[in-house]
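If you want the building blocks of each chain, they are given just below.
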Amino acid sequence: MTDLALKEALKLGATDVSAICAQTIENQIRFSNNSITVTKNIKNLELFLYVAKDKKRMIGATSNPSVVGLKKFTSDLIKACELISPSPEYTPLPRGEFEYSSHRMYDKKIVEDEIKLIEFAKEAVDAGIDAGATRVSGSLMASEEELNILTSGNVTGEDKTTKILLNVRAFTEEETSGHGLSCAAKLTDFKPSEAGSTAGDYAKSSIDPHPWEEGIYDLVTMPTVTADIVQHTGSFSSAFIVDAGLSFLADKVGQKVGVDEFTLRDYGVIEGGFGGRIFDDEGLPTHENIIIEKGVLKGYLHNSTTARKFGKSPTGNAGIIEPHPWNLVVDPGKMSVDDLIKEVNRGILVTNNWYTRFQNIRTGEYSTIPRDAAFLIEYGKIKHPVAGLRISDSIPRQLTSILGISNERKWVEWWEVSIPTLAPAMLIKDVTITKALI
């Protein structure tokens, strides 16, 4: 597909072409009230094509793999490109050849045995029940993606990745709930029993929530919550988002944006990660980028277009239009979660959050709802469960108000966190907690 699309686009006068073919196999399992309710197998083949002609730029995608369909798609894309105005930000695609990492985030076992996936789901349900829940629900998704890239810049590359994502919610007869997850690129790192047990334990521990008062609390965010804060920080480091005036990190390069202990990195491929690849959409090799080092913003993520505009080098994070992170990693701290709790005189521990919404993306002000287990902390100890909370704060304030980071970290990707993130627990000072009406 890539070879045909590239030849057709060049024949029709394109000066820049990037063709990426993605073939995916995805096995899905959903379970509800302790039973498997849905199993699905989805196969998809898609071509993503970028063309430039006379400094006019256009991007499109098709799922029609026939020769006739590909030729028509490419021709239509070129015709659409010819109708628009030249882009003042046009930048030629990088010219190869490039050397790519030999590291692979791939495990064939993840997609070759669908029966095993059902056993994993049952394993998670049983663990949740054993931990004290009466009902367990959730989803399990295992996928393989094979990618090929071919560009007019003499770039050619192949990559293959796998990932398995399990999300578990456990419930008690008292209608309390807990959440657990396990995310991995390889089966050896996948822990379905641990995810089910965590969800069940949180649900049981949340029975009989006590009254609480709105106010300012120190907040202990478990990794699932930390990952949400971190993914937004990583996304807002995209130079495209900064240039569009939509980032709280605008004009902050070289400035202190977090505490000394906070360092945030992005990796195209990393052991344990499951969201990246060895090349970006322009064919450049991906690699490690330090976004924030010891609290200082080191730079933005770039493709060739934003790099030219900012006077920087591409970082291997293209997106043809918008550069983006692949796998975000927060450096570990020195404290255990128990140590973080011991530091709190009056605080709340939250285990997950839903419905994060920004009131002002330039200042990073947002609110989010801890929907499952949460606990009041007094004088270094968990006192009792609480429910019906809303967190209202700004991410820039939180990054400069971190009092501690745990040495334990967990890979997170789920409904609220779309960018794979290796996140610790964190203790954040003086967070506004109000009552949520849901």
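Our structure's up above, just so we're on the same page.
Caption draft 1: Quick peek at the overall build of the protein. Looking only at helices and strands, the protein features 10 helices and 19 strands. On C-alpha atoms alone, the protein measures out to a radius of gyration of 23 Å, which is about the 22 Å that the 2.2 N^0.38 rule sets for 438 residues. Residues counted as buried form 56% of the 438 residues belonging to the protein. Considering only intrachain contacts with a sequence separation of at least 6, the fraction spanning at least 24 residues in the protein is 73%. Accessible surface, the protein as shown: approximately 18700 Å² in total, 49% of it carbon and sulfur. Averaging the locations of the 48 positively and 59 negatively charged side chains of the protein gives two centres separated by 4 Å.

Caption draft 2: Molecular detail of the pattern of salt bridges. Applying the stated criterion to the full structure yields 19 salt bridges. A salt bridge links Glu89 to Lys309, with the shortest nitrogen-to-oxygen separation between them at 2.6 Å. Of the two residues, Glu89 sits in the loop between helix H2 (67-83) and helix H3 (109-112) while Lys309 sits in helix H8 (residues 304-310), which places them 220 residues apart along the sequence. The partly exposed category is assigned to Glu89, whose relative accessible area is 31%. Note on Lys309: relative accessible area 45%, which makes it partly exposed.

Caption draft 3: Quick look at unusual backbone geometry. Glu97 follows Gly96 through a cis peptide bond whose omega is 20°. In this fold, Glu97 is placed in the loop between H2 and H3. The backbone phi angle of Asn34 is positive, close to 75°, even though this residue is not glycine. For Asn34, a relative accessible area of 32% corresponds to the partly exposed category. A positive phi angle, near 60°, is found at Asp251, a position not held by glycine. Within the element layout of this structure, Asp251 appears in the loop between helix H7 (239-243) and strand S8 (264-267).

Caption draft 4: Fine view of the packing of aromatic side chains. Using the criterion set out here, one finds 10 aromatic pairs in the structure. On the basis of an interplanar angle of 80° and a centroid distance of 5.9 Å, the ring pair of Tyr300 and Phe310 is categorised as edge-to-face. Separated by 10 residues along the polypeptide, Tyr300 in the loop between strand S10 (296-297) and H8 and Phe310 in helix H8 bring together distant segments of the chain. For Tyr300, a relative accessible area of 10% translates into the label buried. When the ring centre of Trp354 is taken as reference, the NZ or CZ atom of Arg371 above it lies at 4.5 Å. Against the face of Trp212 rests Lys435, its NZ or CZ located 4.9 Å from the ring centre.

Cut-offs applied
- Residues numbered from 1 in each chain as written.
- Predicted model: local features only at pLDDT ≥ 70, side-chain atom pairs only at ≥ 80, totals over all residues.
- Heavy atoms only, no water.
- Helix = DSSP H or I, 4+ residues; strand = E, 2+ residues; numbered from the N terminus.
- Rg over C-alpha atoms; globule rule 2.2 N^0.38 Å.
- Buried < 20%, exposed > 50% of the residue type's maximum accessible area, 1.4 Å probe, protein only.
- Contact = heavy atoms within 4.5 Å.
- Areas by Shrake-Rupley, 256 points an atom, 1.4 Å probe, with all protein chains shown as cover.
- Lys, Arg positive; Asp, Glu negative; His and termini not counted.
- Charge placed at Lys NZ, Arg CZ, Asp CG, Glu CD.
- Salt bridge = Lys/Arg side-chain N within 4 Å of Asp/Glu carboxyl O.
- Phe/Tyr/Trp six-rings, centres within 6.5 Å; stacked < 30°, edge-to-face > 60°.
- Lys NZ or Arg CZ within 6 Å of the ring centre and 35° of its normal.

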